[in-house]
Amino acid sequence: MTEGATSVGRSTTQSAELFERARRVLVDGVSSPSRGPLNFRPYPLFMTGGEGGEIVDADGNRYLDLMLGFGALVHGHAHPRLVAALREASDRGALLATASEIEVEVAERLTRMIPGAERIRFANTGTEACMAALRLVRGVTGRPKIVKFEGHYHGWADAVSVGSNPGALDDVDSLGIPETALADTIVLPWNDAGRVEAALAEHAGEIAAIVTEPVMANMGVIPPADGYLAELRRIADEHDVLLWIDETVTGFRLAAGGAQERFGVRADLVTFGKALGAGFPVAALAGPAAVMDALAGGRVLHYGTQNANPTLLAVVRESLDLLTPAAFARLERIAEQLVAGLREAIADVGAAALVQNVGPMLQIFFLAPSSEDIDAIRDARDFSRHVDRERFRAFAHALFDEGVYLSPSAALHSVLATVHTPTDVERVVHGARAALARV
Ligand SMILES: Cc1ncc(COP(=O)(O)O)c(C=O)c1O
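If you're wondering where the values come from, they're calculated on a predicted model, not measured in any experiment. (Residues numbered from 1 in each chain as written. Predicted model: local features only at pLDDT ≥ 70, side-chain atom pairs only at ≥ 80, totals over all residues. Heavy atoms only, no water.)

Comments concerning helix α2 (residues 80–90)
Here is step 1 of the chain: By the burial criterion, the buried members of α2 are Leu82, Ala85 and Ala89. For α2, the arc enclosing every buried residue in end-on projection is 60 degrees, short of the 170-degree limit, so these residues lie on one face. Opposite the packed face of α2, turned more than 90 degrees from it, sit the exposed residues Pro80 and Arg87. (Buried < 20%, exposed > 50% of the residue type's maximum accessible area, 1.4 Å probe, protein only. Helix = DSSP H or I, 4+ residues; strand = E, 2+ residues; numbered from the N terminus. Arc of directions from axis to C-beta.)

Details of empty space enclosed by the protein
Here is step 1 of the chain: If you walk through the whole model with that rule in mind, you get one cavity of 30 Å³ or more.
Here is step 2 of the chain: Computed from the structure, the largest cavity encloses a volume of approximately 100 Å³.
Here is step 3 of the chain: What lines the largest cavity is simply Leu66, Leu342, Leu362, Gln363, Ile364, Phe392, Phe395, Leu399, Leu406, Ser414, Val428 and Ala432.
Here is step 4 of the chain: Contributions of two or more residues to the lining of the largest cavity are made by β12 (361–366), α12 (389–401) and α13 (422–438).
Here is step 5 of the chain: Split by residue class, the lining of the largest cavity holds ten nonpolar, two polar and no charged. (1 Å grid on protein atoms, 1.4 Å probe; cavity = no way out; pocket = protein on both sides within 12 Å on 5 of 7 lines; lining within 4 Å. Points joined across faces, edges and corners; volume = space filled by probe spheres on them. Nonpolar A, V, L, I, M, F, W, Y, C, P; charged D, E, K, R; others polar.)

Brief notes about the site of the ligand
Here is step 1 of the chain: The immediate surroundings of the ligand are formed by Thr125, Gly126, Thr127, Tyr153, His154, Gly155, Glu213, Asn218, Asp246, Thr248, Val249 and Lys274.
Here is step 2 of the chain: The backbone of Gly126 places a nitrogen or oxygen atom 2.9 Å from an oxygen atom of the ligand.
Here is step 3 of the chain: Surface burial for the ligand is 83%, taken as the share of its 390 Å² of free accessible area covered by protein chains.
Here is step 4 of the chain: Considering only residue class, the shell around the ligand consists of two nonpolar, seven polar and three charged. (Near = heavy atom within 4 Å. Polar contact = N/O pair within 3.5 Å; in protein donor to acceptor, adjacent residues only side chain to side chain. Areas by Shrake-Rupley, 256 points an atom, 1.4 Å probe, with all protein chains shown as cover.)

What to know about the domain arrangement of the protein
Here is step 1 of the chain: The assigned domain composition of the protein is domain 1 (13–74 + 324–438) and domain 2 (80–322).
Here is step 2 of the chain: Centre-to-centre separation of domain 1 and domain 2, based on C-alpha positions: 25 Å.
Here is step 3 of the chain: Each partner contributes residues to the interface: domain 1 has 32 residues there, and domain 2 has 32 residues.
Here is step 4 of the chain: Taking both partners together, domain 1 and domain 2 bury about 2500 Å²; carbon and sulfur atoms supply 61% of that area.
Here is step 5 of the chain: It is Val358, Met361 and Arg381 that lose the most area in domain 1 upon contact with domain 2, and together they represent 23% of the buried surface on that side.
Here is step 6 of the chain: Linking domain 1 to domain 2 there are three salt bridges. (Domains from an automatic or database assignment. Contact = heavy atoms within 4.5 Å. Buried area = accessible area lost by both parts, 1.4 Å probe. Salt bridge = Lys/Arg side-chain N within 4 Å of Asp/Glu carboxyl O.)

A word on the sheet that holds strand β13 (residues 404–405)
Sheets are built from strands that pair by backbone hydrogen bonding, the pairs being arranged parallel or antiparallel.
Here is step 1 of the chain: Read across the open sheet, the four strands follow the order β1-β2-β3-β13; overall the sheet is mixed. Among the strands making up the open sheet, the edge pair consists of β1 (47–51) and β13. (Pairing = 2+ DSSP bridges.)

Laid out in structure tokens, this is it:
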């Protein structure tokens with residue numbers, strides 16, 4: 001994208017001007033690094049709103065939205081039923097911060113949907129739910145260590161901010177994290193059960209939990225190897241440690257019961273965010289009473305003024321109603337259509353690129369020149385070695401010109417919403433063909 005205007009004539013001058021203003025008062029001109037100059041060059045598109053499967057920028061350009069609030073907008077933008085639920089609930093005020101019937105009702109539904117969930121605790125963001133989960137697994141077991149995996153992201157809390165940066169997998173993710181905060185975090189490669197078994201044997205009696213994303217979603221989309229999640233379950237049982245599955249991305253997206261249902265695996269603790277709130281900050285922890293009840297009375301401390309905000313839970317209740325078996329089936333169908341269309345477009349232009357997906361989560365991996373014979377990206381080291389991230393960035397910016405919006409970071413991924421249609425998918429494939437020809 002060139003300054004002010006794109007190669008196909010879309011003007012983005014309002015975004016350029018807004019970015020000039022923004023960078024004077026907001027760090028990086030944005031409110032989270034992934035939205036700013038780290039990923040968008042020369043400036044991010046400033047968005048004003050969305051409608052269904054589309055997002056609209058400050059110049060009035062419309063884009064088919066595959067970013068969808070980093071996966072939170074499971075029903076797209078401004079779904080009329082969610083808007084009506086929000087309006088109706090907000091007439092009664094913004095917040096109670098008391099016991100309320102709606103939190104009981106939504107929790108009852110969640111226990112019916114989520115395998116193994118006897119108790120629910122609401123929080124506000126995925127990061128917060130993961131921070132509470134971290135304390136909970138340590139509190140329940142009385143042990144300090146956790147096993148996490150390279151390339152997995154569980155929010156930005158100190159103890160899990162390591163091994164997530166594709167350029168520096170052996171490093172801490174951020175300045176400002178004392179070594180002591182990571183002393184009990186063991187980072188292992190994913191999709192290698194032998195390494196987990198060895199670590200658990202080496203640190204017998206010290207490990208509280210294994211935490212995993214069930215599908216890697218913070219290095220593109222990397223599915224678990226066949227039987228890998230079941231192996232983690234077996235190893236956790238054999239070594240008497242908890243298995244915490246972080247479904248912040250996969251929950252309410254891969255199936256009604258999330259990745260646990262899709263892959264037939266059972267966790268001791270599950271964390272949710274993103275799609276649970278359908279665009280609003282609602283997150284949750286869920287699990288069997290034997291684990292979750294350690295939160296009772298604040299024995300394992302987790303507070304929150306905004307927990308279980310009744311106005312937002314009214315939206316969640318409506319959103320869960322929309323997540324019917326038919327909605328999941330439709331999502332799967334259009335995802336298959338999109339993946340097939342993208343693969344065909346890639347083959348037609350002869351690009352060295354792979355498309356990986358699990359249901360409606362997908363990513364295109366452009367392969368580095370020395371890696372063109374690679375047939376799959378299986379873990380974070382593969383991603384770091386083989387993926388041409390700059391090429392993906394150029395592709396994403398070329399797609400903006402074609403009226404398709406997605407994150408230009410190859411480490412993130414695209415998703416489809418329940419409101420997207422086969423015609424939308426055709427539009428994306430058409431745009432991708434043009435963008436591929438340009439990069
Ligand atoms: C797997 C996973 N866990 C936790 C989080 C943190 O969620 P939030 O951004 O709502 O704090 C994310 C965010 O991308 C995530 O992908």
